[in-house]
Each structure stands twice: as structure tokens, then as C-alpha cells.
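Chain residues, written in single-letter form:
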Amino acid sequence: MTQRAKTDIGEPGPGGRPVPATAHRGLTASEVAARVAAGEVNDVPVRSSRSATEIVRANVFTRFNAIIGVLFVIILIVGPIQDGLFGFVIVANTGIGIVQELRAKKTLDNLAVIGEARPTVRRDGTAAEIPTAEVVLGDVIELGPGDKVIVDGKVLEADGMEVDESLLTGEADPVLKRPGEPMMSGSFVVAGGGAFTATKVGREAYAAQLAEEASRFTLVQSELRTGISRILTYVTWMMIPTALGLIFSHLFTLHMAGDDAVRRMVAGIVPMVPEGLVLLTSVAFAIGVIRLGRKQCLVQELPAIEGLARVDVVCLDKTGTLTEGGMDVSALRPLNGADEGALRQVLGALGGSDPRPNASLQAIIEAFPPDAAWRCTAALPFSSARKYSGATLDDPAGESATWLLGAPDVLLPAGDPALAETAGLNAQGLRVLLLARSDRALDDPALAHGVRPAALVVLDQRLRPDAHATLAYFADQDVAAKVISGDNAVSVGAVASRLGLPGANAPVDARELPADRGAMAGALEDGAVFGRVTPRQKRDMVAALQSRGHHVAMTGDGVNDVLALKDADIGVAMGSGSEATRAVAQIVLLNNSFATLPSVVAEGRRVIGNITRVATLFLTKTVYSVLLAILVACWQIPYPYLPRHLTLLSTLTIGVPAFFLALAPNKERARPHFVRRVMRYAIPSGLIAGTAAFATYLLARQYYSGPDALSAETSAATLTLFLTAMWVLAIIARPYTWWRIGLVAAMGVGFLVVLVTPWLQRFFDLRLVGTTLPWAAVGIAVVAAVLLELAWRWARRTLP
């Protein structure tokens, strides 16, 4: 406990507030300038996105761009240019990816500046907020509850300052800091306040060194990206033997000319590459960031969009989430004959004793303004762990007394008459604080034992107008909402009941929860509202839910939420919350609106659901390309297609429609096993499409003869493959809307235009000969469509 400094005020400086004359005044302007010139500045970049160079490098220098680039150069050498169209598609895809990610970066960086922590620094006797990057070595930085320690330093002043270093050391118990003790960047204040001087800034600070070892973009696991990477690895290993088999069979078995053999080999390899899949994943994430940015939602880690879409349990802190941060004192109820006028003065003095009041104390200050005649000689800041605050006050007559203000059910023994009155108020959704007098010193471990209750302070909580609709959305989407609060369980339950939360009529006091993780998980699954939860319990509750296989999101704005936010699958912080919560959360709602969460969930579901759809399209092409290459090698016949044919088919049946499908609305709940879900249909549909195309090709080889036979055979096989691939697209596009039907129809019209336009026929070397074989090709495609429907229904039954 520390004695308060005198409140003599020094001269104010520009743009800030004056600091007490007896406190450390901080650096002078000339000292700051000297340190800036010496480079002793906190120059660690606070990035919310990759740099422009990293974005360009990530989109250009990829494994498949290298493969496609080599094949493109080969085609440019052997010609003709129309067989190299796939190269231009890759260039366009890469350009689109870069542009969209740069747009997302701009959005993220602009939002990051808004949400960036601005520490309060003393300079020339004035305390003012400055950007983190402008802190210099030797700066005096003020701290209060919820403030994050941004650089390493040494404590100069401490007023009951308790610091949580769990993010660095793993130890959850807060540490009481005294002058002269070290402060580590990355820790945060949970109670009290003070000031420290910066001893290490920039990349020398402890937290900065940790950040360099682990990029923020790798903190959230992305099943989507992991699954796609695994698929691409498989494809890479299949491409090498396929390429060798095709080139050797065409050169040495079929004795084709070298340039023709190379073209057929390239035609067999290029469609195996799902080149647009990685692009569309990046574009979908990037556009998701841009859309959420317009709603003032900062996504600090891109895969967090995906993670929140997988969430099936949302843990909500009542204050700042279901209720607005502000409160109003609705009544003061004296106990045991206490004088109401004197109690008002005591409450005013208690409010004046805390330089950084929380929402409850701020309401008390507004209702009972501090009286300058009262003097605070020692103070105990509020802590979420102990549930009360206190101060030793000298009244105008010079009499000293210790007063506590906190939770009645924590300060009073069971059975106290005041608790019955408290329970009735809590049942109405009101928040109740007890004002009590203690005969012990503030630093006595038994301070709260045997207190004498003096009054109940009744606070009215302001419900967020959008909370009811948001809870209804989660219920409709099968996402369980759990209200986890440090307040009285009955009071929290009453608030949740007013908002229509299912199960809110049976609130649970967290002090009665079992310590065993399994038993706790069962209680959490059964209940909906939990009160009197300590910060450590919040963390344990998140872990218990995760142990049952739940994907847990935690929302909060207070320092008591930090540990749970850090351990949850997705942490969501309010923009007006403490610096510590914003630092550990993956998503920050800068507009402080809980109603933004459904938009985030919906955006994540759109990304995952649509990427799963279009991935099936791309991998169907990969499967039928591999199958055709194998069948050609076994039959010892020329590969049926040239690169231009497959570029046309890919553009019409995959590339263009996939782009629109990837960005379409999609409310389907995200489900696990991405690779299994994609391959369950891509494999059978690819096998059916490849077999149908090869059957038409074999039939055409028997039907056509002469010098132009191969061109006619290719055209017939192309027709079957196009129609079959179009049916795959028609299945993936379900459920149908007017624009989805129009999209599929437009792709069909595009192919028809190629077939009937003479110069396009010549450009793509695509001309149907006669009527018998083309109609046979259509008939084989119809049979394939029936098989595709059966395969789709089988796949949906085997993996719902």
C-alpha cells in the first residue's frame, strides 16, 4: 500500500494535463530530441498485415507459378501462342491476388492506427498520450488498470499497482510492483496504477524480441490453408511421374515430332495444377477483411475470420458486451441506521481516491461528487480477483477510517440480513455494491473479515439495444452463448433473461463449480449464465469447453478477460477496452458494437463454405487430368487435348464461375475435415469425367480416319469433357438462385459461341465433324451426369 502524494499541481504543458509537482516530471523537449537523434526510439513496427513486398513475393514466387512459368516458356518456344494461354491466366490470377491483398493491407493498416495503444507519457511536467512509436529511452510512462506495458522499464511510482505477467511467464498470479522493480513489456496492469521509466525500447524490449521469433500471422491455425497446402503437396508429387510418362510415350512409343509431343505433355500437366485455388483463398480472405473493415472490425490475424466461423460456443462478458459500459446509481440504501448524508460523503471520497475509476465507481462519482474536505491517506484499487476496493479516509474532523466497496456476497458472511435484500435487487437485474467499514488496515490479509455493513449502492445497468438481436442470431445459427461475468450470478441471469437468452433463468455461481475439468465442462454445457467468475476461472472454463471439442470464442473489454481471451480459439475485444485485451485478441470491434459479431461469423462462413465449393471444382479437374494421363499411357495413344482446349474448359467450367461462387453469400456453418469434405466428391466426379471423356476419345478413334482424324477426335472428347464438367459446376452451384442459374447458362453459351464462330474454331482448333459422333459424345455426357448425381448423393450420405 502506498501513501498518496500531495496534489500540488505543476504548470501545465501544451496538449496534456499537468503532473503533480512532487512526481517525476519526465524528459525535457531537448532530451527527447537528443534521444531521437541517437535512434533511441521505440521503432518496432506494429503491423496488422504483411508488408507490400511480402505480399508480392507470396503471390509471385510460388511452387506452381514456377512450374507453370517453365511450361509457359516451353510453349512460347515450340508454339503456337494459343497453346500458351494458360500462362496469361496465371499472370492475371497473380495480379488479382496482389491487388486484393494490397487493398486488404491498406484497410487493416488504417484500422490498426485507430485501434493502436497510445501510452500516457510525461514530458516537461505534462502527461499526454502519444503514439507507441514515439516513446524514447528514459520516457516516464503512466499506467492504470488495463494498460499494457509497451517497453521494458523500472518502476518509479506505484499506488497498489498489480501487474499480470502471465503472457510472458505463464504465472497467472498478479505481481505487486514497488518502486525500483523491473517492468517487462508484454505484461499489463490489473489493479492500481503508477509510472515507470523506459530502460529498453524498440527491438531491445523483451516483447519485441518475442514478436520477432513468432509472427502474429502464425498464431491462429487455419485448417483451410493447411488443407490446401497438403493437397498441393500431393499434386506436386503426381505431376513429376506423369510428365515423364507422357513425354516418353509420345516421343519413343508413338514417335511424335518433338514440338507436338511437348505440347501434348504440357496439356496433360497444366490442368493438374489447381492454380486458381490458392488465389481464390487469398482473395476471399482479403475481401473478407475489406468488408469487415467497413464495419470498423479489425482482424489482427487473417485466419481468425475462418476460426470464428468454426466457433460453436461464444463466451460473453456481461459488462461492455450485453450491457453498455456506463451505469447509473438508482438508489442508496443505508443499513443499520447509518446516516445517508455521511454515506454520500464517504462514497464521494472513495470515488476521489481512485485516479482511474472503473464503470461502477464512475457512476458513484457522478452521483456523489468528491468533497475536497476529505483526504485519502491510503488506497486499495479494485481487483477482479478480490471483488472489492478500499481506502483509508480522513474526514473533515480528522477522524480516520477504512472503508471498503465491493460485492456484498464476498464481503458479508452467509446469512447476513443484507444479503436477502441484495438477492431481491439482483433478481431485478440491478447491480448492488456494499459499502462497509473495516477495523483493519488496508494491507491486512484479513481486511474483509468482520466488516460492518453501512449501505447498499444500487446501480442500474444499461442494456445494449443490439444485444437481443445478436443473441437471437447465435441461437438461430446453433452457436451456444455463455454469459461469464464477475458480477452476482442472479443479477447477470436477470439481465440475460431480459435479452431472451435461453437458460438464463438458471444462473450458476461459479464459486460452486467443480474444480475437475471434466465435471466443469459438463456444468458449462448445461448452463448458460455464470456469475462471480474470477479471471483464472474464466481461463479454466475456456479450457474445459475446449476439452469437449468445442471451438470457443471469448469476448470482453476488461483486464479480467485477458487470460481467457488469450486461451480461447478466437479472442474478440472491444475497441474501447483495455490495451491488454486489444493486444491479445485476434479480432477488435473498433465501434464497440457487439452487433458486429454476426457479421464476422457470417463472413467467416462465407469464406469457408465458398472455398470448399470451388476447391471441389479445381480438384475435380486435377483428378480427371491425372486419370487421362494414366489411361493415355496405358493405351499407348496420343494425349487427346492441346493446352488451348483445357485452358478454354478450365476458364468456362472452373475459373470464371469459381470467382463468383467464392465471393457469394453463404450462411452454411463451417465444418471440420476440409480435405475429406472436398475430396469426397472431387475424386468420384473427376474419375467419372475423365472416364467419360476417354470413352468418347476411344470411340472417336474408331470412327474417324485420315490426316485430320486426331483433331476431330479431340473435338469430340472436348465436347464430352465440357458437358460433364458443366454438370459438376451445376451441382456445386446449388442451391440455385437467379444469378447462379445465369452464371451456369452463360458458361454454356460461351462454349457454344466458340463452336459456331469460324475464327474461334480455328484459334482453339475445335471443330465438330459430322453429327453421329458429336451426338454420341452428348449421350456419354448424359450418362456421366447421371453417375455424377448418384455420386453426389452417396458422398452426402457418407459424410453429412
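Scroll up to find the structure.
Note that the structure is predicted; figures quoted are calculated from it, not measured. (Residues numbered from 1 in each chain as written. Predicted model: local features only at pLDDT ≥ 70, side-chain atom pairs only at ≥ 80, totals over all residues. Heavy atoms only, no water.)

Caption draft 1: Looking closely at the pairing of strand 2 (residues 120-123). Bridge analysis of strand 2 against strand 4 (residues 140-143) gives 3 bridges, and the strand direction is antiparallel. In the strand pairing of strand 4, Arg122 is matched with Val140. When strand 2 meets strand 3 (residues 126-129), the two strands line up antiparallel, connected through 4 bridges. What sits directly across from Arg123, in strand 3, is Thr126. Linking strand 2 to strand 3, which pair antiparallel, is a turn of 2 residues; within it Asp124 sits at a positive phi near 55 degrees. (Pairing = 2+ DSSP bridges. Helix = DSSP H or I, 4+ residues; strand = E, 2+ residues; numbered from the N terminus.)

Caption draft 2: Spatial organisation of the nonpolar core. Of all hydrophobic cores here, the largest spans 127 residues; its most connected members are Leu308, Leu501, Ile587, Phe594, Ile611, Phe674 and Phe751. Per element, the largest residue contribution to this core is 17 residues, and it comes from helix 21 (residues 597-635). Excluding residues that lie within four positions of it along the chain, Ile611 makes contacts with Leu224, Ile228, Leu280, Thr281, Ala284 and Phe674. With 25 residues, the next largest nonpolar core counts Leu350, Cys376, Ala455 and Val457 among its residues. (Core = buried A, V, L, I, M, F, W, Y, C linked by side-chain atoms within 4.5 Å. Buried < 20%, exposed > 50% of the residue type's maximum accessible area, 1.4 Å probe, protein only. Contact = heavy atoms within 4.5 Å.)

Caption draft 3: Fine view of a nonpolar patch on the surface. A surface patch of nonpolar side chains, amounting to about 600 Å² of accessible area, comprises Trp237, Ile240, Leu244, Phe248 and Phe252. Relative to the helices and strands, Phe248 is located in helix 7 (residues 223-253). Its relative accessible area of 45% is what places Phe248 among the partly exposed residues. (Patch = residues over 30% accessible without salt bridge, like charges linked within 9 Å, V, L, I, M, F, W, Y side chains within 5 Å. Areas by Shrake-Rupley, 256 points an atom, 1.4 Å probe, with all protein chains shown as cover. Salt bridge = Lys/Arg side-chain N within 4 Å of Asp/Glu carboxyl O.)

Caption draft 4: The arrangement of the pattern of salt bridges in detail. Counted under the stated rule, the structure contains 22 salt bridges. Three or more residues are tied together by salt bridges with common partners; here these are Asp409, Asp509, Arg511 and Arg532.

Caption draft 5: Up close: the packing of helix 7 against helix 8 (residues 258-269). In contact at an axis separation of 9 Å, helix 7 and helix 8 are set at 150 degrees when each is read in the N-to-C sense. Our classification of the angle between helix 7 and helix 8 gives roughly antiparallel. As for how helix 7 packs across helix 8, the hand of that crossing is right-handed. For the pair helix 7 and helix 8, the contacting residues are Met239, Thr242, Ala243, Leu246, Ile247, His250 and Leu251 in the first and Gly258, Ala261, Val262, Arg264, Met265, Gly268 and Ile269 in the second. (Axes fitted to C-alpha atoms, helices over the stretch in contact; angles between N-to-C directions. Parallel < 35°, antiparallel > 145°, perpendicular 65-115°, else oblique. Left-handed = near helix turned anticlockwise from the far one by under 90°.)

Caption draft 6: Region of the structure containing the pairing of strand 13 (residues 388-394). Here strand 13 lies mainly inside the structure; 7 of its 7 residues are buried. Going residue by residue along strand 13, you find Tyr388, Gly390, Thr392 and Asp394 tucked away on one face and Ser389, Ala391 and Leu393 tucked away on the opposite face as well. Bridge count between strand 12 (residues 375-380) and strand 13: 5 bridges; the pairing is antiparallel. Residue pairing in the sheet places Ala378 in a bridge with Thr392 of strand 13. As defined by bridge partners, strand 13 adjoins strand 14 (residues 400-406) across 7 bridges and the pair is classed as antiparallel. In the sheet register, Thr392 faces strand 14, and the bridge partner there is Thr402. Joining the antiparallel neighbours strand 13 and strand 14 is a turn of 5 residues, in which Gly398 adopts a positive phi near 95 degrees.

Caption draft 7: Fine view of empty space enclosed by the protein. Throughout the structure, instances matching the rule amount to 2 cavities of 30 Å³ or more. Considering only enclosed or pocket space, the second largest cavity measures out at about 50 Å³ in volume. For the lining of the second largest cavity, the per-class residue count stands at 5 nonpolar, 2 polar and 1 charged. (1 Å grid on protein atoms, 1.4 Å probe; cavity = no way out; pocket = protein on both sides within 12 Å on 5 of 7 lines; lining within 4 Å. Points joined across faces, edges and corners; volume = space filled by probe spheres on them. Nonpolar A, V, L, I, M, F, W, Y, C, P; charged D, E, K, R; others polar.)

Caption draft 8: How the structure looks around the sheet that holds strand 18 (residues 508-509). Spatially, the 8 strands line up as an open sheet ordered 9-22-21-20-10-17-19-18, and their pairing is mixed. The outermost strands of the open sheet, each flanked by one partner alone, are strand 9 (297-299) and strand 18. Helix 18 (residues 535-547) contacts strand 10 (313-316), strand 17 (480-484), strand 19 (529-531) and strand 20 (552-556) of the sheet and is inclined by roughly 160 degrees relative to strand 20.

Caption draft 9: Here's a closer look at the packing of aromatic side chains. Throughout the structure, instances matching the rule amount to 9 aromatic pairs. Here the aromatic rings of Tyr473 and Phe474 are separated by 5.7 Å at their centres, their planes lie at 65 degrees, and the arrangement is edge-to-face. Site record: aromatic cluster; members linked through ring pairs are Trp635, Phe694 and Tyr697. The ring of Trp792 is capped by Arg680, whose NZ or CZ atom sits 6.0 Å from the centre of that ring. (Phe/Tyr/Trp six-rings, centres within 6.5 Å; stacked < 30°, edge-to-face > 60°. Lys NZ or Arg CZ within 6 Å of the ring centre and 35° of its normal.)

Caption draft 10: Just unusual backbone geometry, in detail. Following Arg734, the chain continues to Pro735 via a peptide bond in cis, the omega torsion being 0 degrees. Mapped onto the elements, Pro735 comes out in the loop between helix 24 (709-732) and helix 25 (738-756). Phi angles above zero are rare outside glycine, and Arg532 is one such case at about 55 degrees.

Caption draft 11: Just the side chain of Asp312, in detail. Within the secondary structure layout, Asp312 lies in the loop between helix 10 (304-309) and strand 10. A relative accessible area of 15% places Asp312 in the buried class. At 3.2 Å, the side chain of Asp312 and the side chain of His550 are in polar contact. (Polar contact = N/O pair within 3.5 Å; in protein donor to acceptor, adjacent residues only side chain to side chain.)

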